[in-house]
Amino acid sequence: MNKSVAGAVLALSAAWLAWPAHAALKEGDIAPDFRLQASQAGKPFHYALKDALRKGPVVVYFYPSAFTNGCNVQAHLFAQNVEKFAAAGASIVGVSLDSIARLNDFSADPQFCAGKIPVASDADGQVARAFDLPVTEVPAGRKDTRGIEIDHARTERTTFVVTPDGRVAATVGGVSPDQNVRKALEIVQQLAATKGRRS
């Protein structure tokens with residue numbers, strides 16, 4: 001990342017982020033490459049971060065569990081704003097410890113992902129840990145908004161904006177689901193504006 005882009009993002013981060021996610025990768029860190037089984041519009045496929053980065057910045061958003069209140073709101077807002085992210089040259093991928101079966105349902109649900117954004121299954125939590133996010137067990141008997149028991153571990157809600165050079169441009173954590181989406185969009189729009197001024 002060149003100095004002008006890095007400076008713009010650093011200023012934005014300082015102004016926007018009330019507090020960073022605990023121990024998560026920070027601005028300037030190299031984002032771990034990953035390949036995961038994912039789902040979009042209910043159809044499973046293999047997602048590779050490296051391939052997505054060839055097309056532009058990627059918003060990698062980690063969330064605790066599909067079909068839970070905050071995650072439902074966040075997925076809905078990402079899906080609702082997907083064209084704005086695309087206009088800024090960015091794509092989106094959600095990552096959780098949900099099984100691919102749960103994500104097939106979540107990705108297709110018109111109230112949430114609505115077939116517009118891919119969500120990837122990090123079932124063993126290895127990718128979350130590679131991004132320095134903690135993985136914790138869900139208390140026994142906890143159910144999702146459909147009344148189905150949550151049978152997987154979770155990680156904290158944290159979003160990383162990764163630039164095509166594979167580095168973290170910004171980390172968004174410790175904010176509400178709607179603020180998480182709004183701040184991620186503002187960051188990619190600022191990156192696009194900075195790139196536009198340089199070209």
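The present account deals with the structure reproduced in this document.

Cut-offs and rules
By convention here, each chain's residues receive numbers from 1 onward along its written sequence. Predicted model: local features are reported for residues with pLDDT of at least 70 only, side-chain atom pairs are reported and counted for 80 or more only, and whole-chain, interface and lining totals are derived from all residues. By convention in this description, side-chain values take in all heavy atoms of the structure and omit both hydrogens and water. Numbering of helices and strands runs from the N terminus, with a helix taken as a DSSP run of H or I at least four residues long and a strand as a DSSP run of E at least two residues long. Burial status follows relative accessibility: with a 1.4 Å probe on protein chains alone, a residue under 20% of its type maximum counts as buried, one over 50% as exposed, and anything between as partly exposed. Contact criterion: two residues are considered in contact whenever any of their non-hydrogen atoms come within 4.5 Å of each other. For the area figures, the Shrake-Rupley method with a 1.4 Å probe applies, and any residue is considered shielded solely by the protein chains shown. One side-chain nitrogen of Lys or Arg within 4 Å of one carboxyl oxygen of Asp or Glu is enough to make a salt bridge. Take the buried Ala, Val, Leu, Ile, Met, Phe, Trp, Tyr and Cys residues and link them wherever side-chain atoms come within 4.5 Å; each set so joined is a nonpolar core. Any two strands between which DSSP finds at least two bridges are classified as paired. Angular values range over 0 to 180 degrees, each being the angle between N-to-C directions of two axes fitted as lines to C-alpha atoms, with helices fitted over their stretch in contact.

It is worth spelling out the overall build of the chain at this point. Secondary structure assignment for the chain yields seven helices and nine strands. Here the chain holds 199 residues, and the buried ones make up 51% of them. In the chain, the share of contacts with a sequence separation of at least 24, taken over all contacts with a separation of at least 6, comes to 70%. Entry remark: accessible area of the chain is about 9000 Å², with carbon and sulfur atoms responsible for 54%.

Attention now moves to the pattern of salt bridges. Enumeration over the complete set of coordinates arrives at six salt bridges. Between Asp105 and Arg146 there is a salt bridge, and its shortest N-O distance comes to 3.7 Å. With a gap of 41 residues between them, Asp105 in helix α5 (residues 100-108) and Arg146 in the loop between β6 (135-136) and β7 (154-155) connect regions that are remote in the sequence. Judged by relative accessible area, Arg146 falls into the partly exposed class, the value being 34%. Measuring nitrogen to oxygen at the nearest pair gives 3.0 Å for the salt bridge that ties Arg146 to Asp144. For Asp144, a relative accessible area of 7% puts it in the buried group. One salt-bridge network, in which partners are shared between bridges, spans Asp98, Arg102, Asp105, Asp144 and Arg146.

Counting residues in each nonpolar core, the largest one holds 32 residues, and the members touching the most others are Phe78, Phe85 and Phe106. Secondary structure elements with two or more residues in this core: β3 (58-62), α3 (69-80), α4 (82-87), α5, β9 (168-173) and α7 (177-198). Per-element accounting of this core gives the leading share, six residues, to α7. Counting residues in hydrophobic clusters, the runner-up holds 23 residues, among them Ala24, Ala38, Leu49 and Val168.

It is worth spelling out unusual backbone geometry at this point. One non-glycine residue, Ala114, lies in the positive phi region at around 55°. Summarising the element assignment, Ala114 is placed in the loop between α5 and β5 (119-121).

Time to look at the sheet that holds strand β4 (residues 91-96). In spatial order, the strands read β2-β1-β5-β4-β3-β8-β9; together these seven strands make up an open sheet with mixed pairing. This sheet does not close on itself; its edge strands, each paired only once, are β2 (43-48) and β9. Averaged over all pairs of adjacent strands, the angle between their axes in this sheet comes to 30°, without regard to strand direction. Bridge count for β3 against β4 is five bridges, and the pairing is parallel. Within β4, the position partnered with Val60 by the bridge is Val93.

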